[in-house]
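Chain by chain, the residues run as shown.
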Amino acid sequence: MTRKEPSGAPRVLRYAAFTSDPAGGNPAGVVLDASGLDAGRMREIAAEVGYSETAFVTAGDADSRRFRVRYFSPLAEVDFCGHATIATAVALAEQLGAGDLTFDTNAGEIPVATAVGDDGVVRATLTSVPTWSRPAEDAEVDAALRELRWTREELDPTLPAHVAFGGVTHLVLAAATRERLAQLDYDFDGLAEVMRQYGWTTVHLVWREKPDLFHARNPFPVGGVIEDPATGAAAAAFGGYLRTIAQTPETGQATILQGTDISHPSLLTITTHITNPRVQVTGQSTPLPET
């Protein structure tokens, strides 16, 4: 599907996801022909690329537009990654033309719709696996707050702490103020240990500006990354969380602004359906220079 580099290594495409600006968004690696790679080699390539995740298309059929996709952080395989899904969908749409795609992931089947807007930009909308959300236990919250160096008094009581799933699992904590969210200085190794203990992929830290507008930050130490600039899997989980706590916006749609505190602004749109546990996450993706 794509050429090999002279060294025999697969070609790695690079995209910034959830942005139209190459200086923003969350960068993802995309390998469109990973059919000859084993898990160890994919992890090595992800580490060499150095992004929070790289997506590998290990099998697929262009006629049916169905593909097997695996995701690796620099440290380990991840069952699902939203921003790398958006990047991969845009890369495939650029090769095959816009339209519907289906990705088979470790987390399950992920339909992705791609379309070209009036501005000529390809946008992708993924539909998550069924989401769920449950109240976080006191021990979980206390452990996370300790490593974040936050206190319970700094949390928003109208958005209770939950553990939420949208392909992978996240702890959702809502800050009471934008200032608290902006001042993120956590214990990298300590939080990573807590996350491994409880099986969380990221900690989804949010502040609600309006009922349909949220600001987010996502520490990702278990993947070897201090902070994700845009986290599609967490956005899907967060949509399910809003549904569970009956705080979905009236339109069903909300905007998440992420990455602004680390100079990688990203925009994610989530659509939650009251009667459907699946959440849609929409965003753009722009190519980055290949190296």
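Our subject is the structure that appears above.
Here is what the cut-offs are and how they apply
Residues numbered from 1 in each chain as written. Predicted model: local features only at pLDDT ≥ 70, side-chain atom pairs only at ≥ 80, totals over all residues. Heavy atoms only, no water. 1 Å grid on protein atoms, 1.4 Å probe; cavity = no way out; pocket = protein on both sides within 12 Å on 5 of 7 lines; lining within 4 Å. Points joined across faces, edges and corners; volume = space filled by probe spheres on them. Salt bridge = Lys/Arg side-chain N within 4 Å of Asp/Glu carboxyl O. Buried < 20%, exposed > 50% of the residue type's maximum accessible area, 1.4 Å probe, protein only. Helix = DSSP H or I, 4+ residues; strand = E, 2+ residues; numbered from the N terminus. Contact = heavy atoms within 4.5 Å. Polar contact = N/O pair within 3.5 Å; in protein donor to acceptor, adjacent residues only side chain to side chain. Lys, Arg positive; Asp, Glu negative; His and termini not counted. Arc of directions from axis to C-beta. Core = buried A, V, L, I, M, F, W, Y, C linked by side-chain atoms within 4.5 Å. Phe/Tyr/Trp six-rings, centres within 6.5 Å; stacked < 30°, edge-to-face > 60°.

1. A short note on empty space enclosed by the protein
Reasoning step 1: A complete count under the given rule lists one cavity of 30 Å³ or more for this structure.
Reasoning step 2: What the largest cavity holds in volume is close to 60 Å³.
Reasoning step 3: Every residue lining the largest cavity is counted, 13 residues in all, and those nearest its centre are Glu53, Cys81, Asp228, Thr231 and Ala233.

2. Quick look at the pattern of salt bridges
Charged atoms that come close allow side chains of opposite charge to pair.
Reasoning step 1: Counted according to the given criterion, the structure contains 15 salt bridges.
Reasoning step 2: One salt bridge connects arginine 41 with glutamate 48, and the closest N-O pair in it is separated by 3.4 Å.
Reasoning step 3: The partner of arginine 134 in a salt bridge is glutamate 140, and the shortest N-O contact between them spans 2.8 Å.
Reasoning step 4: Accessibility expressed as a relative area gives 30% for arginine 134, which makes it partly exposed.
Reasoning step 5: The exposure class assigned to glutamate 140 is buried, which follows from its relative accessible area of 3%.
Reasoning step 6: Salt bridges sharing partners connect three or more residues here, namely Arg178, Arg217, Glu227 and Asp261.

3. Quick word on helix α5 (residues 188-198)
Reasoning step 1: Listing the buried residues of α5 in full gives Gly190, Leu191, Ala192, Val194 and Met195.
Reasoning step 2: Lining the buried residues of α5 we find α3 (138-148), β12 (202-210) and β13 (213-220).
Reasoning step 3: Capping the start of α5, aspartate 187 holds a side-chain oxygen 3.3 Å from the backbone nitrogen of aspartate 189, two or three residues further along.
Reasoning step 4: Where α5 ends, the next residue or the one after it, glycine 199, has phi of about 80 degrees, a positive value.

4. Some thoughts on the environment of glutamine 253
Reasoning step 1: Within the fold, glutamine 253 resides in strand β15 (residues 253-258).
Reasoning step 2: A relative accessible area of 42% places glutamine 253 in the partly exposed class.
Reasoning step 3: Along the sequence, glutamine 253 and glycine 239 sit 14 residues apart, while their C-alpha atoms lie 8.9 Å from each other.
Reasoning step 4: When sequence neighbours within four positions are dropped, the list of residues in contact with glutamine 253 reads Asp212, Thr269, Ile270 and Thr271.
Reasoning step 5: Within polar-contact distance, the side chain of glutamine 253 engages the side chain of threonine 271 at 3.4 Å.

5. Examining the side chain of aspartate 228
Reasoning step 1: Along the chain, the position of aspartate 228 falls in strand β14 (residues 225-228).
Reasoning step 2: Although aspartate 228 is buried, it makes no salt bridge; arginine 217 carries the closest opposite charge, 12 Å away.
Reasoning step 3: At a separation of 3.0 Å, a polar atom in the side chain of aspartate 228 contacts the side chain of asparagine 26.
Reasoning step 4: A polar contact of 2.9 Å, which involves the side chain of aspartate 228, links it to the side chain of serine 52.
Reasoning step 5: Here aspartate 228 is in contact with Asn26, Ser52, Glu53, Asn218, Phe220 and Gln258, once residues within four sequence places are set aside.

6. Considering helix α1 (residues 39-49)
Reasoning step 1: Residues of α1 that are buried: Met42, Ile45, Ala46 and Val49. Seen from one end, α1 has its buried residues packed into an arc of 100 degrees, which puts them on one side.

7. Observations concerning the nonpolar core
Among soluble globular proteins, nonpolar side chains are generally buried collectively.
Reasoning step 1: One finds Tyr71, Phe103, Trp150, Leu173, Phe238 and Ile270 to be the most contacted residues of the largest nonpolar core, which totals 82 residues.
Reasoning step 2: Residue contacts for tryptophan 150: discarding those within four places in its chain leaves Leu145, Leu155, Ala175, Arg180, Leu181, Gln183, Leu184 and Leu205.
Reasoning step 3: Core analysis: the next-biggest nonpolar cluster, separate from the first, contains 13 residues, Val31, Ile45, Tyr51 and Leu288 among them.

8. Brief notes about the packing of aromatic side chains
Reasoning step 1: Here the structure, examined in full by the defined rule, presents seven aromatic pairs.
Reasoning step 2: A ring pair is formed by tyrosine 198 and tryptophan 200, whose centres lie 5.0 Å apart and whose planes are at 20 degrees; its orientation type is stacked.
Reasoning step 3: Judged by its relative accessible area of 26%, tyrosine 198 is partly exposed.
Reasoning step 4: Overall, the relative accessible area of 3% leaves tryptophan 200 in the buried class.
Reasoning step 5: Seen in terms of ring centroids, phenylalanine 238 and tyrosine 241 are 5.4 Å apart; in terms of plane orientation they differ by 25 degrees. Their pairing is stacked. Taken together, the positions of phenylalanine 238 and tyrosine 241, both in helix α6 (residues 232-244) and three residues apart, correspond to about one turn of that helix. Accessibility assignment for this pair places phenylalanine 238 and tyrosine 241 in one class, buried.
Reasoning step 6: Taken together, the ring pairs connect Phe214, Phe238 and Tyr241 into an aromatic cluster.

So yeah, pure geometry; function would need other evidence.
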